[in-house]
Amino acid sequence: MVLPAVLPVQRVVQPYPTLPPSPPVPPIGFAPGAQAWLAKLGGLRNVVRQELVSRQLDEQLGARFGADARLRVLDVGCGQATQALRLARRGHQVTGLDPDPAMLAAARQDLALESAEVQARVQLLPGSGEDCGRWFGPAAFDLVLCHGVLMYLPEPGPLLAALARILAPGGLLSVLSRNGDGLAMRPGLAGDWAGAVAAFDGDDYTNRLGLPTRADRRETLARTLAELDVPVLAWFGVRVFTDLAADDAPLPAETELAALLEAEHRAGRTDPYRQLAALIHLVGARP
Ligand SMILES: C[S@@+](CC[C@H](N)C(=O)[O-])C[C@H]1O[C@@H](n2cnc3c(N)ncnc32)[C@H](O)[C@@H]1O
């Protein structure tokens, strides 16, 4: 039998009209994920995150204030206080602020293990960052950290405005958020094609704690900071190569971990890699 060169076109009838995309789920806050977050703290992903942020921050602090400066630091959403305690060990006067009792309890537990001098330099307070103007006056801090908080809020503006107000002239504001410009990477590399496609069109996603969360795009965040008179001085990516590691991935041996961190460190400051990192770290400076 000879087949016709051109097969007759078959009309495909859609049995149902196309459904509209489901509306984005707004962030519900961090509290339902607190225990899961605490359980993951020693794992590879969190170690990479904290180590990268530490290196990037120390570089900016050294350049801005010099190695011997003793700063007034506010860590908003300090959580378990990894950065707050690290900075207090370096001699800075640190206030940690967090609304979640479970997180503050974890921070207090770790603080109790520090030397008496370090303990004397740290205060941990319950409260939300948006309300910080109720407890602290304008220009009260030289360094304000806001790490891993914005993704749990419906929008970044109100919190950043409150933080900008308490930042002293010459001070630094360090903001770590989920990178909206690289949002398709995590689902895409995991083979979640529907998730990857959805990530191109919106900033809402479900995070590894299973919580509905929100990512920030760098240009938008930078514009907001500029409007608040805290223009971005430097920006970095955090977790380019290890974002897909399993939640319980253990730390590799010391030399391998050092090499891994060096690779992440280089990627986090080099285009185009840093543009696709899981997290973006913006350091803004008040003139
Ligand atoms: C993912 S943890 C990050 C902890 C720590 N900053 C870090 O990077 O390791 C997010 C923290 O933000 C806190 N948080 C959530 N909403 C907040 C708000 N409106 N103001 C201050 N902290 C908030 C949570 O209670 C939680 O401790």
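Attention in this report is confined to the structure presented alongside it. Keep in mind that what you see is a predicted model, and the values were worked out from it rather than measured.

Digging into the packing of helix 2 (residues 44–65) against helix 10 (residues 254–267)
So, point 1. The interhelical angle for the contact between helix 2 and helix 10, taken along N-to-C directions, is 55°, at an axis separation of 10 Å. Relative to helix 10, the element helix 2 lies oblique. As helix 2 packs across helix 10, the resulting crossing turns out to be right-handed. Side by side, helix 2 and helix 10 meet where Leu44, Val48, Glu51, Leu52 and Arg55 of the first sit next to Leu257, Leu260, Leu261, Glu262, Glu264 and His265 of the second.
So, point 2. Looking at the contact of helix 2 with helix 10 residue by residue, the classes come out as 6 nonpolar, 1 polar and 4 charged.

Digging into the site of the ligand
So, point 1. Taken together, 20 residues lie around the ligand, and Arg49, Gln50, Gly77, Asp98 and His147 are the ones closest in.
So, point 2. Contact distances for the ligand include 2.8 Å between an oxygen atom and a side-chain N or O atom of Arg49.
So, point 3. Note that a nitrogen atom of the ligand is positioned 2.9 Å from one of the backbone N or O atoms of His147.
So, point 4. The fraction of the free accessible surface of the ligand (600 Å²) that becomes covered by protein chains is 94%.
So, point 5. Class assignment of the residues belonging to the shell around the ligand gives a composition of 8 nonpolar, 8 polar and 4 charged.

About the criteria used
- Counting starts from 1 at the beginning of each chain's written sequence and moves along it residue by residue.
- The predicted origin of the model limits local features to residues at a pLDDT of at least 70 and limits the giving and counting of side-chain atom pairs to 80 or more, whereas totals for whole chains, interfaces and linings rest on all residues.
- As a rule here, side-chain values cover all heavy atoms of the structure and leave hydrogens and water aside.
- Lines fitted to the C-alpha atoms define the axes, with helices restricted to the stretch that makes contact. Angles between their N-to-C directions range from 0 to 180 degrees.
- Only DSSP runs of H or I with at least four residues qualify as helices, and only runs of E with at least two residues qualify as strands; both kinds are numbered from the N terminus onward.
- Every angle not falling under 35 degrees, over 145, or within 65 to 115 is termed oblique; those three ranges are roughly parallel, roughly antiparallel and roughly perpendicular.
- Should the near helix be turned anticlockwise from the far one by less than a right angle, the crossing is left-handed, and should it be turned clockwise, the crossing is right-handed.
- Here a residue-residue contact requires only that any non-hydrogen atoms of the pair lie within 4.5 Å.
- Ten residues, namely Ala, Val, Leu, Ile, Met, Phe, Trp, Tyr, Cys and Pro, are considered nonpolar, four, namely Asp, Glu, Lys and Arg, are considered charged, and the remaining ones, Gly among them, are considered polar.
- Any residue with a non-hydrogen atom lying within 4 Å of a molecule or strand is treated as near it.
- Polar contacts, as used here, are pairs of N or O atoms within 3.5 Å; protein pairs need one atom able to donate a hydrogen and one able to accept it. Residues neighboring in sequence count only if both atoms are side-chain atoms.
- Here, Shrake-Rupley sampling with a 1.4 Å probe gives the accessible areas, and only protein chains in the shown set may cover a residue.

In short, the description is geometric, and any link to function would need to be established separately.
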